[in-house]
Amino acid sequence: MRTVSIPAGWPATEEQARAVQDELRTEVVLDEPGPPPGTGHVTGVDVAYDDERDVVAAAAVVLDAATLEVVAEATAIGRISFPYVPGLLAFREIPTVMAALDALPCPPGLVVCDGYGLAHPRRFGLASHLGVLTGLPTIGVAKNPFTFTYDDPHTPRGSASPLLAGTEEVGRALRTRESVKPVFVSVGHRVTLDNACAHTLALTPQYRLPETTRRSDSLCRTALKEATEALRPR
DNA sequence: GCGACAG
DNA sequence: ATCTTGTCGC
């Protein structure tokens, strides 16, 4: 497992962070379809926190997109680089997530983030940010609608409805399990919304959440426990 | 001004 | 995100 420090020049205030978003948002690529679902690698990234001890653990789990079997895993430990502020989540997660991605022994392929991409107050959420910094194709799959509105998709798995900021479609509420609350998919970088939804469905043969986020979620939690118990006085 | 608000 | 037991259901 790898250890990272907060990058030099990392924003210290909300104002600086928003300025970075406004700068980087111009780099997002939205006109590439992205990798075809069911082929190559798909990587989930997630983080867990211990605010008390100022520790953050990130995990990256690479799956074979066809079989959903784990191909590779990596973790990283860092300090909390930003407080949680809605709309500025990326500044809290990205340094450690990028370290985990760097530690992988193989190319990540498509990266699936826990959160949003385009569906963001300034249209530059975590998935967009990570995509621009790494150049990788990224999508965001969130568990909550944030500030956006949507009509409940029809009951069958695969049904979807627009996720709306006013009248602008910034993502999609996608039903991954019949009669179960939808997930909220948005585009990050170099992937189309239709393709992002197709990937999400390919990653949810059984559960509401993508296998990528389920796997990375459990891995970063155990990584956090191990890191945190190593610091515990005995 | 107040409330809501990804993880 | 995190704090947290049992419990209802497939």
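Refer to the structure presented above.
Residues numbered from 1 in each chain as written. Chains lettered and ligands numbered in written order. Predicted model: local features only at pLDDT ≥ 70, side-chain atom pairs only at ≥ 80, totals over all residues. Heavy atoms only, no water.

### Some details on the pattern of salt bridges
Overall, the coordinates contain 14 salt bridges when judged by the stated rule. A salt bridge links Glu-211 to Arg-214, with the nearest nitrogen and oxygen atoms 3.2 Å apart. Within this pair, Glu-211 and its partner Arg-214 are both found in helix H5 (residues 211-230), separated by three residues, close to a single helical turn. Under the relative-accessibility criterion, Arg-214 is labelled partly exposed at 34%. (Salt bridge = Lys/Arg side-chain N within 4 Å of Asp/Glu carboxyl O. Helix = DSSP H or I, 4+ residues; strand = E, 2+ residues; numbered from the N terminus. Buried < 20%, exposed > 50% of the residue type's maximum accessible area, 1.4 Å probe, protein only.)

### With respect to H5
Compared with an ideal rise of 1.5 Å per residue, which puts 20 residues at 28 Å, H5 spans 29 Å between its outermost C-alpha atoms and is within 8% of the ideal. Along H5, the positions that sit buried rather than exposed are Glu-211, Thr-212, Thr-213, Ser-216, Leu-219, Cys-220, Ala-223, Leu-224, Ala-227 and Thr-228. Those residues of H5 hidden inside the fold are in contact with strand E2 (41-50), strand E3 (55-64), strand E4 (70-78) and strand E5 (110-114). (Expected span 1.5 Å × (residues − 1). Contact = heavy atoms within 4.5 Å.)

### Comments concerning the pairing of strand E7 (residues 160-165)
Two strands pair when backbone bridges link them, and E7 and strand E8 (residues 168-174) are joined in this way by six bridges, in the antiparallel orientation. The partner of Leu-164 across the bridge, within E8, is Glu-169. The turn joining E7 and E8, which pair antiparallel and follow one another in sequence, is formed by two residues; a positive phi near 70° is taken by Gly-166. (Pairing = 2+ DSSP bridges.)

### Some remarks on the protein's contact with DNA strand B
Inspection of the region around DNA strand B gives 19 residues, with Tyr-84, Gly-87, Tyr-116, Lys-143 and Asn-144 positioned closest. Within 4 Å of the protein, atoms of DNA strand B come from sugar and phosphate in 44% of cases. Residue Tyr-84 places a side-chain N or O atom 2.9 Å away from a phosphate oxygen belonging to DNA strand B. Class assignment of the residues belonging to the surface near DNA strand B gives a composition of eight nonpolar, six polar and five charged. (Near = heavy atom within 4 Å. Polar contact = N/O pair within 3.5 Å; in protein donor to acceptor, adjacent residues only side chain to side chain. Nonpolar A, V, L, I, M, F, W, Y, C, P; charged D, E, K, R; others polar.)

### Regarding the protein's contact with DNA strand C
Every residue near DNA strand C is listed here: Ala-48, Tyr-49, Lys-143 and Arg-221. One nitrogen or oxygen atom from the side chain of Lys-143 is found 3.1 Å from a phosphate oxygen belonging to DNA strand C. A distance of 3.3 Å is found between a phosphate oxygen of DNA strand C and a side-chain nitrogen or oxygen belonging to Arg-221. Taken together, the residues of the surface near DNA strand C sort by class into two nonpolar, no polar and two charged.

### So, helix H4 (residues 193-202)
Leu-193, Asn-195, Ala-196, Cys-197, His-199 and Thr-200 are the residues of H4 that are buried. Elements in contact with the buried residues of H4: E5, strand E6 (138-142), E8 and strand E9 (183-189).

### Looking at the packing of aromatic side chains
Remark: the centre distance and the inter-plane angle together describe each pair of aromatic rings, the angle taken between the planes. Tallying each qualifying case throughout the model produces six aromatic pairs. When the centroid spacing of 5.7 Å and the interplanar angle of 45° are considered together, the rings of Phe-82 and Phe-91 count as tilted. Taken individually, Phe-82 and Phe-91 each receive the classification buried, so the pair is uniform in this respect. With 5.0 Å between their ring centres and 70° between their planes, Tyr-150 and Phe-184 make a pair best called edge-to-face. Of the two residues, Tyr-150 sits in the loop between E6 and E7 while Phe-184 sits in strand E9, which places them 34 residues apart along the sequence. (Phe/Tyr/Trp six-rings, centres within 6.5 Å; stacked < 30°, edge-to-face > 60°.)

### Here's the deal with the sheet that holds E7
The strands making up a sheet are joined through hydrogen bonds of the backbone, oriented either antiparallel or parallel. Spatially, nine strands are ordered E1-E4-E3-E2-E5-E6-E9-E8-E7 in an open sheet, and the strand pairing comes out mixed. What marks the edges here is a single partner per strand, and that holds for strand E1 (2-3) and E7. Summarising the sheet, E5 and E6 pair through four bridges and their orientation is parallel. Directly across from Val-111, in E6, lies its bridge partner Thr-138.

All quantities given are derived from atomic positions and should not be read as evidence of function.
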